[in-house]
Amino acid sequence: MSNTPTADALDAELQALQPQHIELINESMNHAGYFEGKESHFKLTVVSEAFEGKRLVARHQLVYELVNALLTSQGGHVHALAIHAYTPTEWQGQSPTSPLCAGQNKV
């Protein structure tokens, strides 16, 4: 059994985008209420041709459509998902830093 079932489920759903690159980082430890093994806050960097011709909002909507069942609003465990979605021609290896969590960061 995996130690990261939520991250694994997110990754599985995102494969529908046929990503050329995908990086999913669990940032839960930077937020209030963290405990060992918590999977609630993620940063996603994804590169896919599926984003060609789409504005940022449409890219995010596409990602949220895929992972909707995993969000806390739908009974899942994902409280926050920072999405950085690029086309292959846009992506230059960047992965922006995540914002602080309302002053609750433990770092």
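Residues numbered from 1 in each chain as written. Predicted model: local features only at pLDDT ≥ 70, side-chain atom pairs only at ≥ 80, totals over all residues. Heavy atoms only, no water.

Undergrad: Just to check I follow, could you spell out the overall build of the chain for this structure?
TA: Within the chain one finds two helices and three strands. The order of α-helices and β-strands along the chain, N terminus first, is α-β-β-α-β. Long-range pairs, those at least 24 residues apart, make up 64% of the contacts in the chain between residues at least 6 apart in sequence. For the chain, the accessible surface area stands at approximately 6,500 Å², while carbon and sulfur atoms represent 53% of it. (Helix = DSSP H or I, 4+ residues; strand = E, 2+ residues; numbered from the N terminus. Contact = heavy atoms within 4.5 Å. Areas by Shrake-Rupley, 256 points an atom, 1.4 Å probe, with all protein chains shown as cover.)

Undergrad: Looking at this structure, I do not really get the pattern of salt bridges. What am I missing?
TA: Should the charged atoms of two oppositely charged side chains come close, the side chains can pair. The tally for this structure, following the rule as stated, stands at one salt bridge. As a salt-bridge pair, Arg59 and Glu90 come within 2.7 Å of each other at their nearest N and O atoms. Pair noted here: Arg59 is in helix H2 (residues 56-67) and Glu90 is in the segment after strand E3 (80-86), with a separation of 31 residues, a long-range link. Arg59 sits in the buried class, given a relative accessible area of 8%. In this structure Glu90 comes out as partly exposed when scored by relative accessible area, which is 36%. (Salt bridge = Lys/Arg side-chain N within 4 Å of Asp/Glu carboxyl O. Buried < 20%, exposed > 50% of the residue type's maximum accessible area, 1.4 Å probe, protein only.)

Undergrad: Could you clarify how one ought to interpret the sheet that holds strand E2 (residues 41-47) in this entry?
TA: Here we have three strands laid out as an open sheet, ordered E1-E2-E3, and mixed in their pairing. Edge positions in the sheet fall to strand E1 (21-26) and E3, since each of these pairs with one other strand and no more. Pairs of neighbouring strands in the sheet enclose a mean axial angle of 10 degrees, with direction left out of account. Sheet topology places E2 next to E3; seven bridges connect them, and they run parallel. (Pairing = 2+ DSSP bridges. Axes fitted to C-alpha atoms, helices over the stretch in contact; angles between N-to-C directions.)

Undergrad: Honestly, helix H1 (residues 5-14) in this entry has me stumped. Any pointers?
TA: One turn of the α-helix equals 3.6 residues, which is why residues spaced by three or four share an orientation. Listing the buried residues of H1 in full gives Thr6, Ala7, Leu10 and Leu14. End-on view of H1: buried residues confined to an arc of 100 degrees, all on one side of the axis. Pointing more than 90 degrees away from the buried face of H1 are the exposed residues Pro5 and Ala12. Summarising the contacts, the buried residues of H1 are in contact with E1, E2 and H2. (Arc of directions from axis to C-beta.)

Undergrad: What should I look at first to understand the packing of H1 against H2 in this one?
TA: In a pair of packed helices, the angle between the axes and the distance between the axes together describe the arrangement. Across the interface, H1 lies against H2 with an axial gap of 9 Å and an inter-helix angle of 120 degrees. Classed by the angle they form, the pair H1 and H2 counts as oblique. Note on packing geometry: the crossing formed by H1 with H2 is right-handed. Judged by residue contacts, Leu10, Glu13 and Leu14 of H1 engage Val63, Leu66 and Val67 from H2. Grouping the constituent residues of the contact of H1 with H2 by class yields five nonpolar, no polar and one charged. (Parallel < 35°, antiparallel > 145°, perpendicular 65-115°, else oblique. Left-handed = near helix turned anticlockwise from the far one by under 90°. Nonpolar A, V, L, I, M, F, W, Y, C, P; charged D, E, K, R; others polar.)

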